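Residue-level structure breakdown
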Amino acid sequence: MAATVRYDEVEVGQELPAVGYNVRRLNLVMYAGASGDFNQIHWNERFARTVGLPDVIAHGMFTMAQAGRFVTDWAGDPGAVLDFGVRFSSMVIVPDDDQGATISVSGVVEEKLQDKRVVVGLTAKAGDAKVLSKARAVVQLS
């Protein structure tokens, strides 16, 4: 596959509209199985509260994966992402109800590099909390 976004069709400052990713407890249990991270703060409300958390929280890497998904969906090819990094700045609290939480991810083209590569800055929020900071991806476009 190759990226479906063309380098000459993007501009610095171009905004990538926000996408909301719903997170429910089931998603966290499935992620725990896939990642091997069965820390109880990610699925057991009683335990999470005993260690001082307000409720169960999403895995940091699960949250990061949603930002990565946003970039690969935009580019049209997971292989187009050449570099990707974030810092975790807040928790995604996932209540045990039918709604769960929503991670909202948006982006902006920050820089056009040589060889049809771009730097995309990302914003990820859960409610009013910015859950990732310094989130950036370098993407190879067509």
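Our subject is the structure that appears above.
Below or above, wherever it landed, is the structure these notes cover. None of the values given here were measured: they were computed from a predicted structure. (Residues numbered from 1 in each chain as written. Predicted model: local features only at pLDDT ≥ 70, side-chain atom pairs only at ≥ 80, totals over all residues. Heavy atoms only, no water.)

A few points about the sheet that holds strand β3 (residues 101-112)
Taken in spatial order, the five strands line up as β1-β3-β4-β5-β2 in an open sheet, and their pairing is antiparallel. Where the open sheet ends on each side, the last strands, each with one partner, are β1 (15-23) and β2 (81-88). Taken over all neighbouring pairs, the strand axes of this sheet differ in orientation by 20 degrees on average, direction set aside. Inspection of the sheet shows β2 paired to strand β5 (residues 129-140) by six bridges, in the antiparallel sense. Residue pairing in the sheet places Val81 in a bridge with Val139 of β5. In the packing of helix α3 (residues 60-75) onto the sheet, contacts are made with β1, β2, β3, β4 (117-126) and β5, and the angle to β2 comes to roughly 145 degrees. (Pairing = 2+ DSSP bridges. Helix = DSSP H or I, 4+ residues; strand = E, 2+ residues; numbered from the N terminus. Axes fitted to C-alpha atoms, helices over the stretch in contact; angles between N-to-C directions. Contact = heavy atoms within 4.5 Å.)

Observations concerning helix α1 (residues 25-35)
Along α1, the positions that sit buried rather than exposed are Arg25, Leu28 and Ala32. Projected down its long axis, α1 shows its buried positions confined to an angular sector of 55 degrees, all on one face. In α1, the exposed positions that point more than 90 degrees away from the buried face belong to Leu26, Met30, Gly33 and Ala34. Residues of α1 that are buried sit in contact with β1, α2 (45-50) and α3. (Buried < 20%, exposed > 50% of the residue type's maximum accessible area, 1.4 Å probe, protein only. Arc of directions from axis to C-beta.)

Some words on the nonpolar core
Inside soluble globular proteins, nonpolar side chains tend to come together where they are buried. Among the nonpolar cores identified, the biggest contains 36 residues, and Trp74, Val92, Val105, Val118, Leu122, Val139 and Leu141 are the most heavily contacted of them. Within the residue set of this core, elements represented by two or more residues are β1, α3, β3, β4 and β5. Counting residues per element, this core draws most heavily on α3, at seven residues. Excluding anything up to four places from it in sequence, Leu122 contacts Ala67, Phe70, Val71, Phe84, Val105, Ser106, Gly107, Ala135 and Arg136. (Core = buried A, V, L, I, M, F, W, Y, C linked by side-chain atoms within 4.5 Å.)

Looking at unusual backbone geometry
In this model, Asp115 sits at a positive phi of 60 degrees, which is unusual for a non-glycine residue. Tracing the backbone shows Asp115 in the loop between β3 and β4.

Some details on the side chain of Asp77
Tracing the sequence through the fold places Asp77 in the loop between α3 and β2. Among all residues touching Asp77, those that are not within four sequence positions of it are Met1, Ala2, Ala3 and Thr72.

Thoughts on α3
Taking 1.5 Å per residue as the helical rise, α3 with its 16 residues ought to reach 22 Å, and the 23 Å between its terminal C-alpha atoms agrees with that figure. Of the surrounding secondary structure, the elements contacted by the buried residues of α3 are β1, α1, β2, β3, β4 and β5. The first or second residue beyond α3 is Gly76, which carries a positive phi of 90 degrees. (Expected span 1.5 Å × (residues − 1).)

Everything listed here is a matter of coordinates, which is why it stays silent on function.
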